[in-house]
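# Secondary and tertiary structure notes
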Amino acid sequence: MMKLNKIIEEKRKQMEKAKKKETAKNVAVGTAIGTALGAAAGLLFAPKSGKETREEITTKSKEVADNVKVKVEEQLDTTKEQLEKVKTDVEKGWVELKEKAKKDKEEAEEAIEEASDKAEDVVEEIKKGAEEVKDVAKDTKEDVEKEIKK
């Protein structure tokens, strides 16, 4: 049980670390978007023709959209990989825990069987001892009776 708790705690820490990475990536994406918006604003206020400005905004918007799409896909891939690793580690821990429980059960059953065998041996020894005491008592009684008759 301790091992499973340890595995779960490690996974929790890994997930927290992944969450922090995700936050950092989100900040980076936000910065990229902010930079793109700032560039777009600069284009709007630049002394160019309307057609040139629209073309540049369209080009920059496509670039930003592509960059955001790539970052989101990368983040999804990273999250999927981390989820698979957590899943695999938990499954491995569960299998190990079940194997240990099975081994512990078998050892306990062996110990119980051994104790039972020893208890049976003790009972047999007590019975033998009781028979011997009974025989000695009988012999002593017979000897006492013979002495009394003499």
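Before any of the text, the structure's been laid out above.
What this report covers is the structure whose coordinates are included nearby. Sequence order as written defines the numbering, with residues in each chain counted from 1. Reporting of local features is limited, given that this is a predicted model, to residues whose pLDDT is at least 70; pairs of side-chain atoms are given and counted only at 80 or more, and all residues count toward the totals for whole chains, interfaces and linings. No hydrogens and no water enter the side-chain calculation; it runs on all heavy atoms of the structure.

### With respect to the overall build of the chain
Numbering of helices and strands runs from the N terminus; a helix is a DSSP stretch of H or I covering at least four residues, while a strand is a stretch of E covering at least two. When helices and strands are counted, the chain shows two helices and zero strands. Atoms considered for the radius of gyration are the C-alpha atoms alone. The globule rule reads 2.2 Å times the number of residues to the power 0.38. Relative to a compact globule of 150 residues, whose C-alpha radius of gyration would be 15 Å, the chain shows 42 Å and is clearly more extended. Projected onto its principal axes, the C-alpha positions of the chain cover 150 × 15 × 10 Å. Think of it in three bands: with a 1.4 Å probe and only protein chains considered, a residue is buried below 20% of the maximum accessible area for its type, exposed above 50%, and partly exposed in between. When each of the 150 residues of the chain is scored for burial, the buried share is 9%. Look at the contacts in the chain between residues 6 or more apart in sequence, and 77% of them connect residues 24 or more apart. Per-residue accessibility takes into account occlusion by the displayed protein chains alone, with areas from the Shrake-Rupley method and a 1.4 Å probe. Total accessible area computed for the chain in this model is approximately 12,800 Å², and 60% of it derives from carbon and sulfur atoms. Charge centroids of the chain, computed over 35 positive and 38 negative side chains, lie 9 Å from each other. We call two residues in contact whenever any of their non-hydrogen atoms come within 4.5 Å of each other. Asp and Glu count as negative and Lys and Arg as positive, but His and the ends of the chain are not part of the count. By convention, the point assigned to a charge is CZ for Arg, NZ for Lys, CD for Glu and CG for Asp.

### Quick look at the pattern of salt bridges
If charged atoms from side chains of opposite charge come close, those side chains can pair. What makes a salt bridge here is a side-chain nitrogen of Lys or Arg within 4 Å of a carboxyl oxygen of Asp or Glu, nothing more. Under the counting rule described, the total for this entry stands at six salt bridges. When the shortest N-O distance is used, the salt bridge between Lys11 and Asp89 registers 2.1 Å. Residue Lys11 is located in helix α1 (residues 2-45), and its partner Asp89 is located in helix α2 (residues 50-149); the two are separated by 78 residues in the primary sequence. By the burial criterion, Lys11 is buried, and Asp89 matches it. With a closest N to O distance of 2.2 Å, Glu16 and Arg12 form a salt bridge.

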